[in-house]
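Secondary and tertiary structure notes
Here are the chains, one letter per residue:
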Amino acid sequence: MKPAAFTYHKAHDVADAIGLLSRLSADGEDPKLIAGGQSLIPMMSFRLARPTSLVDLGPLRRDPAATSIQLDGAGLRIGALATHRSVELATAQLGPDFDVLARSMRWVGHLPIRSRGTVAGSIVHGDATAEWCLLALLLDAVIVAEGPSGTREIAAEDMFHGFYATAIEPDEVVTEVLFTHRAPRSALTEFARRHGDFAVVDAAVSLGSPGPDGSLTGGRVVLGGVAPAPVRVPEAEQVLVGGTPGPELFAACADAAAQAIDPPEDAAGTAHYRRQLTRTMVKQALEQAWERGQTR
């Protein structure tokens, strides 16, 4: 339960972090950034990850922008070093269009993990069941990264490539995550063996506004734990278009989601078990999202 030997570096600002990553990579090393360390350190302890160097982003917290949570005309901007806990407590700052972020944080580990783990760290880690990865897809997040070539923006749909694989380059640093899709009728729910464990299956959904006749204009369904990366399920989303909100529509959408996926089999469960969980999680999330919209 001890990590392999590594060299520790402390970055003083974003430019310094990029410079360290570039120099260390050029020297043949395998550097990794560390912010909260709630995902990386356990993997290092099990020797599932063996970076030769760690570049600590802790000093960057001195810049208020690194931990800011700000709503503007473009959407909701969250600094890369904002913690899960700070989002959980920021309901007033998020507003009704993005408060699903605060409500979803109760599923993230336990309080000590939420108090140190960071928004960007979770997204860059790219765990297929991570709540932030599902929320990034649900809310059309744009991940802002800086590297030697400058700043670039990565759409969430282009971010996740597979098991713990993302579009972030080894010499890039995420500085901000912008959530652009406003979703006042939304919810995230999941099933884990124990609260705080990794989810077996999780689902994040949003519902469009009802039209004059009460039918839905659309919706979104995002799943985790059913593929190497979090996925949107268009087959399930199509069921919602023009439907009347209620148990029958939500069950039909959940069935469509379960039929559209090809989940893996592992120690956590069979493919059949994950399909059954998908039905349950999607239906529950849709019911919660609709109820949330009705109470506004």
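Anything mentioned here points back to the structure above.
Residues numbered from 1 in each chain as written. Predicted model: local features only at pLDDT ≥ 70, side-chain atom pairs only at ≥ 80, totals over all residues. Heavy atoms only, no water.

1. Let's talk about the overall build of the protein chain
The condition is simple: By the criteria applied, helices consist of DSSP H or I runs no shorter than four residues and strands consist of E runs no shorter than two, each listed in order from the N terminus. Radius of gyration means the value over C-alpha atoms here, while the globule rule gives 2.2 Å times the residue count to the 0.38 power. The buried label applies to any residue whose accessible area, calculated with a 1.4 Å probe on protein chains only, is under 20% of its type's maximum; exposed applies above 50%, and partly exposed to all values in between. By definition in these notes, contact holds between two residues if any of their heavy atoms fall within 4.5 Å. Within this scheme the basic residues Lys and Arg register as positive and the acidic residues Asp and Glu register as negative, but His and the chain ends are omitted. Every charge is mapped onto a representative atom, which is NZ of Lys, CZ of Arg, CG of Asp or CD of Glu.
Along the backbone of the protein chain there are 11 helices and 14 strands. A compact globule built from 296 residues should have a C-alpha radius of gyration of about 19 Å, and the protein chain, at 19 Å, falls within 12% of that. In the protein chain, which comprises 296 residues, the share counted as buried stands at 51%. Long-range pairs, those at least 24 residues apart, make up 62% of the contacts in the protein chain with a sequence separation of at least 6. Each charge class in the protein chain can be summarised by its mean position, and for the 27 positive and 35 negative side chains these summaries are 7 Å apart.

2. Quick notes on the packing of helix α10 (residues 247-260) against helix α11 (residues 271-294)
In a packed pair of helices, the relevant descriptors are the angle between the two axes and the axis-to-axis distance. Operational definition: Convention adopted: a line fitted to C-alpha atoms gives each axis, helices being fitted over their contacting stretch, and angles between N-to-C directions are expressed from 0 to 180 degrees. By convention the crossing between two helices is left-handed if the near helix lies anticlockwise of the far one by an angle smaller than a right angle, and right-handed if it lies clockwise. Three classes are used, and their members are as follows: Ala, Val, Leu, Ile, Met, Phe, Trp, Tyr, Cys and Pro are nonpolar, Asp, Glu, Lys and Arg are charged, and the others, Gly among them, are polar.
One way to put it is that α10 packs onto α11 with a least axis distance of 8 Å and a crossing angle of 145°. As for how α10 packs across α11, the hand of that crossing is right-handed. Contact residues: Pro247, Phe250, Ala251, Cys253, Ala254, Asp255, Ala257, Ala258 and Gln259 in α10; Arg275, Thr278, Arg279, Val282, Lys283, Leu286, Glu287 and Trp290 in α11. Residues belonging to the contact of α10 with α11 are distributed by class as follows: 10 nonpolar, 2 polar and 5 charged.

3. With respect to the environment of Met43
With respect to the helices and strands, Met43 occurs in helix α2 (residues 40-45). Met43 sits in the buried class, given a relative accessible area of 19%. When the C-alpha atoms of Met43 and Gly246 are compared, they prove to be 43 Å apart, with 203 residues separating the residues in sequence. In this view, Met43 contacts Leu48, Ala49 and His125; residues no more than four positions away in its chain are not counted.

4. Things to note about the pattern of salt bridges
Pairing is possible between side chains that carry opposite charge, provided their charged atoms lie close to one another. So the rule is basically this: Salt bridge, as used here: a side-chain nitrogen of Lys or Arg that lies within 4 Å of a carboxyl oxygen of Asp or Glu.
Throughout the structure, instances matching the rule amount to 14 salt bridges. A salt bridge links Arg292 to Asp99; its shortest N-O distance comes to 2.8 Å. Separated by 193 residues along the polypeptide, Arg292 in helix α11 and Asp99 in the loop between α4 (91-94) and α5 (100-104) bring together distant segments of the chain. A residue is classified by how much of its surface remains accessible, and Arg292, at 29% relative accessible area, is partly exposed. The class for Asp99 is buried, based on a relative accessible area of 5%. Linking Asp255 and Arg279 is a salt bridge whose minimum nitrogen-to-oxygen distance equals 3.0 Å. Of this pair, Asp255 sits in helix α10 while Arg279 sits in helix α11, and the two are 24 residues apart along the sequence. What emerges from the salt-bridge pattern is a single network uniting Asp72, Arg77 and Glu176.

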